[in-house]
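As a plain string of letters, each chain reads:
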Amino acid sequence: MNRITQKFLDKTEPLLSIFYTAGFPNTEDTLPILHALEEGEVDMVELGFPFSDPMADGPVIQHSNQIALQKGMHLGLLFQQLQGFRNTCNLPVVLMGYLNPVLQYGIQAFLQDAAKVGVDGVLLPDMPLDFFQQHFQSLMKELRLAPIFLVTPSTLLQRIQQMDALGEGFLYVVSSNTITGTEQKRNPFEASFFKNIQELNLKLPIMIGFGIKTHEDFVIATQHAKGAIIGTSFIQHLEKNGASKSSVQAFVNSILTSTP
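Note that this is a predicted model, so its numbers are computed, not measured. (Residues numbered from 1 in each chain as written. Predicted model: local features only at pLDDT ≥ 70, side-chain atom pairs only at ≥ 80, totals over all residues. Heavy atoms only, no water.)

## Re the overall build of the chain
- Scanning the chain from N- to C-terminus turns up 13 helices and eight strands.
- What you see for the chain is a C-alpha radius of gyration of 17 Å, in line with the 18 Å of a compact globule of 260 residues.
- Taken along the three principal axes of its C-alpha coordinates, the chain extends 45 × 45 × 35 Å.
- Within the chain, residue pairs in contact and separated by at least 24 positions form 74% of the contacts whose partners lie at least 6 positions apart.
- Accessible surface, the chain: about 11,700 Å² in total, of which carbon and sulfur atoms supply 48%. (Helix = DSSP H or I, 4+ residues; strand = E, 2+ residues; numbered from the N terminus. Rg over C-alpha atoms; globule rule 2.2 N^0.38 Å. Contact = heavy atoms within 4.5 Å. Areas by Shrake-Rupley, 256 points an atom, 1.4 Å probe, with all protein chains shown as cover.)

What follows is the structure, given as structure tokens:
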């Protein structure tokens, strides 16, 4: 069974997933951060591979992409870094990025290399569903890679049901129609939106992302879903405090407990 699915079966408490950009703040930080997150009792990691034009991301994640690219991070190097990581890490890992670098790398090569190193799922927010069905679906099934899809408040309910049918692991539900890291002047977790999703009786569990920065945000988000995803605030923390084990685990503790 896929590690993502197994995690949802094994844990009854809310799940915490952390996003960070591979190669940020430094090229060699990718694996140490991953291990520190696992030791800090994070449930899942979304590992972003950098791209020059991350359209769904705000300034913080865009900046982390630029720094990682400037320092030489690319998909080939990322797969080299991940070789053998499953010998010491059992954390579910989702590769998250944009379609363009995957096309440049080659779809088959990308999926085969992801599966070979032990990645559990792939999320490409800008990939159309019909393109997924034509070019990704069969090989991902063969390689046992979970296709993860992103849902926004503007996604039609029929399309959400289609994503639920095609996907595995979980649905990534965006809390608002905005880019990552946007300051919210109101509660971003609109009850009507999540009520509509819950009434669909989807087979996949829901993880909420965008706008979650604090323990309080995490508690509110997980009232609507099985777990929450944090990215922008973690990257800000890495830039300010560094990527040491103590720094990473201090951040995780601040999200999971009311007193950092």
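## Notes on unusual backbone geometry
- The omega torsion across Phe 24 and Pro 25 is 0°, close enough to zero to call that bond cis.
- Inspection of the secondary structure puts Pro 25 in the loop between β1 (15-21) and α2 (30-39).
- The residue Glu 41 is not glycine, and still its phi comes out positive at about 70°.
- Turning to its location among the elements, Glu 41 is positioned in the loop between α2 and β2 (44-48).

## A closer look at the sheet that holds strand β8 (residues 227-230)
- The eight strands lie next to each other as β1-β2-β3-β4-β5-β6-β7-β8, forming a closed barrel whose pairing is parallel. On average, each strand axis in the sheet is tilted by 25° relative to the strand beside it, whichever way the strands run.
- As paired strands, strand β3 (residues 93-96) and strand β4 (residues 121-123) are joined by three bridges and run parallel to one another. Residue Met 96 lies in a different strand from β4, and its bridge partner there is Leu 123.
- This element, α2, spans β1, β2 and β3 of the sheet and lies at about 170° to β1. (Pairing = 2+ DSSP bridges. Axes fitted to C-alpha atoms, helices over the stretch in contact; angles between N-to-C directions.)

## Quick look at helix α3 (residues 59-70)
- With twelve residues, α3 ought to run about 16 Å at 1.5 Å a step, and its terminal C-alpha atoms sit 16 Å apart, in line with that.
- Listing the buried residues of α3 in full gives Ile 61, Ser 64, Asn 65, Ile 67 and Ala 68. One side of α3 carries all its buried residues, which in axial view fall inside an arc of 165°. In α3, the exposed positions angled more than 90 degrees off the buried face are occupied by Pro 59 and Gln 70.
- Looking one or two residues beyond α3, the residue adopting positive phi is Gly 72, at roughly 105°. (Expected span 1.5 Å × (residues − 1). Buried < 20%, exposed > 50% of the residue type's maximum accessible area, 1.4 Å probe, protein only. Arc of directions from axis to C-beta.)

## Describing the pairing of β1
- In terms of burial, β1 is largely enclosed, as seven of its seven residues are buried.
- Side chains of β1 alternate between two faces, with Leu 15, Ser 17, Phe 19 and Thr 21 and Leu 16, Ile 18 and Tyr 20 buried alike.
- One ladder, built from four bridges, connects β1 with β8; its direction is parallel. Following the sheet pairing, Leu 16 is matched in β8 by Ala 228.
- As judged from the five bridges shared by β1 and β2, these two strands associate in the parallel manner. Pairing of Ile 18 across the sheet is with Val 45, part of β2.
- In this view, the connection linking β1 to its parallel neighbour β2 by way of α2 has right-handed handedness. (Right-handed = clockwise from strand over helix to strand, strands pointing away.)

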